[in-house]
Amino acid sequence: MKVALFIPCYIDAIYPEAGIATYELLQRFGVTVEYPPNQTCCGQPMANEGDQGNSAAAEKLFVQNFSGYDYIVGPAGSCVKHVKQHFDAIPQTDEVKAVRANTWELVEFLHDVLRVDALPWAYFRYKATLHNSCSSIRGLGIAQPSELMGPYFNKSEHLLRMVEGLELVPMDRPDECCGFGGTFCVTDEAVSAKMGLDKIDDYIRNEAEFIISPDMSCLMHQQGIARKAGIDLKFIHIAQVLNGGPF
Amino acid sequence: MAAKRVDPAANAAAFLDQDDIHEPAHDQNLWAARMKRDAAAKAIPEWEELRNIASQIKEHTLTHLDQYLEQFEANATKRGAKIYWARDAAEHNQHVWNILNERKISSIIKSKSMLQEECGMTQFLETRGITVTESDLGERIQQLDNQPPSHIVMPAIHKTPADIAKIFSKAIGTDPDNTDPHYLNEAMREDARKRFLQAGAGMTGANFAIAETGTFVVCTNEGNADIGAAVPRVHIASIGIEKILPKVTDLGIFIRLLSRSALGTLATQYTSHFSGPRKGGELHIIITDNGRSKRLGMDDFWHSLKCIRCGACMNTCPVYRRSGGLSYGATYSGPIGIILDPTFDESKYSELPYHSTLCGSCTDVCPVKIDISDQILRWRKVMAEKKYLPISRRLAFTAAGRIFERPTLFHGVETVASAALKITPHFLLYNRALNPWGRHRELPHFAKQTFREWFMQYKLKNQEDKQQP
Ligand code: SF4
């Protein structure tokens, strides 16, 4: 199984430990992981603005970098959702379609492809809560959205339950958007910040020490708000918890 | 002259900044409605199937609209109603005016109708000397405060009881310090009674119009539409062309979905069927297009016509809850507003599609399965193509587009950006105009080593290890 690691730009620059954890974790399951070094960005920021012209170049490069792999795995729901569902600024050749179909979000990949059923090395002795991003829930379907009626499932939670010592606490509004929304967090700053603050409030009410998420972009926004407000909450990527570090 | 562009982000900031009472109450009240909706939906095992069927019925009807509209006209006419066709708001308002004027009617009482709102009917009639009284409590509050409704089901939900007490004290002389909802409600009821009795005509909208029977259905919780239709001799109903359902048996699906989605109640208190004029009365039905057939022709957006105006997408929308409906500066607010309003004026409402995080909750909550969130993104594409994007945003993304397309440039910039962040003085980063991120947020700390750098080192080390004997 030939797997390419897709490390979105902000993880590369701000949260390399999430990338490292993803890389190590995949190797633990005997997967051959390659990291195409010329990768930049999937084009999501531009595409989300509706800017097709400026997304096209990023999309083309993405396909060049990731063509030919069995799986492309990225530890970021919103970027993966973009590739899978919105990557349409360039002509949809067979190559483009294959790259899109082979791209997986990390939790999905662990849960659905590797069918992980034990994480004997993982130990995390904290009270934590899970923030699945909107892209992961409503876009990729890693958990049952609260709006839809049907049997409950939550793939991130399923994996976290295998981590020794971890106490998962529930939230009052578990899948309410945190207000990051890409450029939204700057162009609609007041609403974005209030949504983030309400999220932080929810964490504090439920006495979480750590916030664990498969999407670091949401956490970047939430962490910024918590720090500014002087609130001591810790934010961490799910790969770090599942891999047992680096912390 | 082009209408001034609405700036929902700035309006929402003002709503948030006014005090610590309005926005939290607004958020909590609407969230409570969403929770009640979840409970009501959960109690129906076939909920998702109902949504599917409702969506299919709407799609079928919308793609055979001409045939069902004619059928409705024929059947309603048989029952003694008079049918009028209106292409746009002007024709709609003219029909209403003609009916009133011919009968020398100078005051009307109306129940909630988003279509009449869309047409600016009240203002049109008032300038012609007609007294118009809203009979829905929330609408009446908004009318007395000179504001349009902020929510399609709960028009005054952005107001607190204290706000309402103040408005009523001025308008009908209640005690400004008494904020008890029962007291205020009763006072308004007394005031409205007289107006019902004096009105020369009652106006309603319609939630559904049934082609097979020529009947239309109005759902309310206050029964105000019923008095409006029953007391004055003349009843005028404004019905949008998309309200048609083929058969009476279709209705059950929608009645089960509507109130559960809206407020989490099993049904509205009143579900009234109007089948022709009552004895000695007149029934006038104005079937109105006002941009709907144009929307029907838009491949990317015609699904928005399935909307049954339940407001669930507004209740669930995390951005709407923090913004208040008036921030959208349009007849329709919230997610459904974002996708409807630009069909009326693309330039004026070009910023609305950006007032969303694209979280997708609206799509999943919508009882008729409108792909609201996807349509919001598609509207962004329209706005970007037509160059409605603010210039600063466009330039930033042109630059980003160039950088992302060239790896060496990208990795260079990445290092420069993190270097700059380490040295830039705090005041610059927290400057309101330069960096909105920093006002409520601490900037992220850039890592000492990027993942790429780590990986290169790691690989090198691995190779060295392997080479060692
Ligand atoms: S778009 Fe859907 S959820 Fe929103 S008001 Fe219309 S029917 Fe209700």
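Residues numbered from 1 in each chain as written. Chains lettered and ligands numbered in written order. Predicted model: local features only at pLDDT ≥ 70, side-chain atom pairs only at ≥ 80, totals over all residues. Heavy atoms only, no water.

1. Details of the site of the ligand
Looking at the ligand, there are 14 residues lining it, with Cys-307, Cys-310, Gly-311, Cys-313 and Cys-366 of chain B nearest. In terms of residue class, the shell around the ligand is made up of 12 nonpolar, 1 polar and 1 charged. (Near = heavy atom within 4 Å. Nonpolar A, V, L, I, M, F, W, Y, C, P; charged D, E, K, R; others polar.)

2. Observations concerning the side chain of Ser-361 of chain B
Along the chain, Ser-361 of chain B falls in helix 17 (residues 361–365). For Ser-361 of chain B, the contacting residues outside a window of four places in its chain are Arg-138 and Glu-147 of chain A together with Arg-34 and Thr-316 of chain B. (Helix = DSSP H or I, 4+ residues; strand = E, 2+ residues; numbered from the N terminus. Contact = heavy atoms within 4.5 Å.)

3. Let's talk about the pairing of strand 6 (residues 215–220) of chain B
Residue and element names in this part refer to chain B. Among the 6 residues in strand 6, 6 count as buried, and that is most of the element. The two faces of strand 6 match: Thr-215, Val-217 and Cys-219 on one face and Phe-216, Val-218 and Thr-220 on the other face are all buried. Judged from the 3 bridges that link them, strand 5 (residues 208–210) and strand 6 form a sheet pairing that is antiparallel. Its bridge partner being in strand 6, Ala-209 is matched across the sheet by Phe-216. The hairpin turn running from strand 5 into strand 6, its antiparallel successor, is 4 residues long, and Gly-214 in that turn takes a positive phi close to 70 degrees. Direction of pairing for strand 6 relative to strand 9 (residues 270–274): antiparallel, over a ladder of 5 bridges. The partner of Thr-220 across the bridge, within strand 9, is Tyr-270. (Buried < 20%, exposed > 50% of the residue type's maximum accessible area, 1.4 Å probe, protein only. Pairing = 2+ DSSP bridges.)

4. Concerning the pairing of strand 2 (residues 107–110) of chain B
Looking along a regular strand, one sees the side chains alternate between the two faces of the sheet. Residues and elements named next belong to chain B. Where burial is concerned, the two faces of strand 2 agree: the one with Ser-107 and Ile-109 and the one with Ile-108 and Lys-110 are both buried. Looking at chain direction, strand 2 and strand 3 (residues 131–134) are connected through 4 bridges and run parallel. Residue pairing across strands places Ile-108 opposite Val-132, the latter belonging to strand 3. As paired elements, strand 2 and strand 4 (residues 201–204) share 3 bridges and run parallel to each other. Residue Ile-108 lies in a different strand from strand 4, and its bridge partner there is Ala-201.

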